[in-house]
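Read off the chains here:
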Amino acid sequence: MEVGVEKCGFNHFVFLPTEVISLILKNTELSFSDVVTFGKTCKRFVEITSDNELWKVKLFTRWPSLLKSANETDPTPTWLNLCKKLYPIPAKVNDVIMGLSAKCFHQDEVSYCSFRQLKDLSANGLMHHHLVINTLMNKVFDEDEDKNLTEKYYAKKALRCVHHSHMKQEWWKYIALPIEQQSLLEGALLFEKWYSPFRIVDCDKIRSEVTEIANQGRRKLKPEHPCYHGNIEGAVEMTPDQCYEVFDAVNEVMYKEMGFKGNKDDYYNKNNSFMSKVMTTKLGIPITLCILYQAVVQKLGVVLRPVNFPGHFMLSWNYTSDGFKETPTILYIDAFRKGNVMTMAETLMQGLGQHGFNPDYCQTCAPSDVFKRMAANIMHISSQMMHHDSETYSLYGEELHAVLKPEDFETVLQCVKVYVQRRVHFLESLEMIREIRPQTNREANGVRIMTGIIQETMQQEEARQEHTEVNRREANTGVTYSVGMVMRHVRYHYSCVIYGWDSVCKLSRQWQRQMGVDQLPNKENQPFYNVLVSDSSSRYAAQENLEYIDDPIAITHPEIGRYFEEFTKKCYLPNTELAKQYPDDAAVTTVKSSELFTD
């Protein structure tokens, strides 16, 4: 007869070797809590579950994406203590995100101070940062794109904030380096990461591709060339002819064999400013092709420096007739025109002197000036875009300028002005203002005036948010449509979703005249609806200009999650805060959409 553990009270598990028990505990099916609970059963198991290697395995089994960041930190951390610190982070992130709608619904933009707890969590270490980012990423890119819309909306805002908070620290480390150690390529990677909070920039891949271009160029050099052997990464004394051999080899590889060229057909595409895109498409603008060219030839012993010509961007080369022994003559390399080497006179003949001659144009510039120019390029492109991301990219540019030039009064003040114009980030603006060191009476007066404007605007925003109007349908019997209905505009045929309404037009007479409201049969004396349009715009439409759509579609608008929790394939369901404003509409919308659209 078999004797079970329950009958005799005998546990065979305790006789298993420690190595076997440890292997069992590393099983992916066992959670952190399972292992901790197991360790509480006896002293021996306490010792087993205190094993550092066990908790390293458990950590990376649960969060495999943290492995890379672990390699960049302390190589021998106490993994159990690290697990204890990391374990509560996802729950804390979730608590912050879930509470933001009630806190921020009436704000036109969510202020960075709303994410302070997340920024503090992220600042505790690289692995903490990556876990916060990964948790937010999982929310933003949830598999069911039609549900949890409000959670996704605020997670996206939080992701931008935490990402930029971390990137500021990376930028400040970069600009604190001596100028000669500020690699243009590394700065360009930081630049792309700054503008890419929702995707991973594979920096190692780009570095490897740059190294491979240099290696292919090296193989074209003669064996007796001083840079034929090994990876140089710095200036090597060589004759001008040997430098030209480097240029010729790189030009042949980059332009002839690999096909890199200036993107003349789509010059103002923002992807031309991002190195990962340049490496993939082989297309770029002068500044990114120069950064690539400079990085490649530096691995072959030639040091080139950036020159901020107006309307163009080039590299300068200290040419000498006998190595480094005589007074150098500066020549210019145009990576946009296939590595063409020119004198100043030839440069002017190329049409680059159209702004007039100024010796300062010929001076090399600091890397921070290079990236300020790149940010200005993105801001210019954004100003021409008819897209919801245009304002975001413009804001990124102003913020990056302030990060790169924190000591410059006008640059920081301009960023603060943008915040105030957008009625956002008031506390951050006050902090930035306090850190400014005015050098003149004019600057001091500017600080005082801007501080007053910020405080007054904050008071206006607080007063506006305290007032929440409740709209009942029984008191507005003329309102036909309801919040959450997907509609079509009769005249302009755009698709939209209703997120609010007024029983009559509430906008000014001037707006009504501009929009031709007085030409409508019912003029302003009819319900008007706030709608989110599929082209990412927000509009105010008269009732007679709207009709039910034939086939409901998801409205791809960046603010959809601010107001709605879910798209049911028939209509949108309002989130808690919008439902408070229109308490009767969800039921009306659900019933009407079921009548109109059968499964």
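Computed from a predicted structure; not experimentally measured. (Residues numbered from 1 in each chain as written. Predicted model: local features only at pLDDT ≥ 70, side-chain atom pairs only at ≥ 80, totals over all residues. Heavy atoms only, no water.)

Engineer: It is not clear to me how the overall build of the chain should be interpreted in this structure. Could you clarify?
Structural biologist: Summing up its helical and strand segments, the chain has 27 helices and 13 strands in all. Taken along its principal axes, the extent of the C-alpha atoms in the chain is 95 × 90 × 55 Å. Buried positions account for 47% of the 599 residues belonging to the chain. Taking as baseline every contact in the chain between residues at least 6 positions apart, the subset at least 24 positions apart corresponds to 63%. Per element, the accessible surface of the chain, about 30,600 Å² overall, is 50% carbon and sulfur. Averaged over its 67 positive side-chain charges, the chain has a centre that lies 1 Å from the centre of its 77 negative ones. (Helix = DSSP H or I, 4+ residues; strand = E, 2+ residues; numbered from the N terminus. Buried < 20%, exposed > 50% of the residue type's maximum accessible area, 1.4 Å probe, protein only. Contact = heavy atoms within 4.5 Å. Areas by Shrake-Rupley, 256 points an atom, 1.4 Å probe, with all protein chains shown as cover. Lys, Arg positive; Asp, Glu negative; His and termini not counted. Charge placed at Lys NZ, Arg CZ, Asp CG, Glu CD.)

Engineer: I'm lost on the sheet that holds strand S7 (residues 486-489) in this one. Help?
Structural biologist: Strand-to-strand pairing in sheets goes through backbone hydrogen bonds, with the strands running parallel or antiparallel. What the five strands build is an open sheet, ordered S10-S9-S8-S7-S11; its pairing is antiparallel. Edge positions in the sheet fall to strand S10 (538-542) and strand S11 (546-548), since each of these pairs with one other strand and no more. Recorded for the sheet is a direction-independent mean angle of 50° between the axes of neighbouring strands. By the bridge criterion, three bridges tie S7 to S11 in an arrangement that is antiparallel. (Pairing = 2+ DSSP bridges. Axes fitted to C-alpha atoms, helices over the stretch in contact; angles between N-to-C directions.)

Engineer: Please clarify how the pattern of salt bridges should be interpreted in this entry.
Structural biologist: Counted according to the given criterion, the structure contains 27 salt bridges. As a salt-bridge pair, Glu 151 and Lys 139 come within 2.5 Å of each other at their nearest N and O atoms. With Glu 151 in helix H12 (residues 149-176) and Lys 139 in helix H11 (residues 126-140), this residue pair connects regions lying 12 residues apart in the sequence. Pair check on accessibility: Glu 151 and Lys 139 agree, each one buried. In this structure, Asp 535 engages Arg 539 in a salt bridge whose closest nitrogen and oxygen atoms are separated by 2.7 Å. On the accessibility criterion, Arg 539 (32% relative accessible area) is partly exposed. Through salt bridges that share partners, Glu 109, Lys 157, Glu 391 and Arg 422 make up one connected network. (Salt bridge = Lys/Arg side-chain N within 4 Å of Asp/Glu carboxyl O.)

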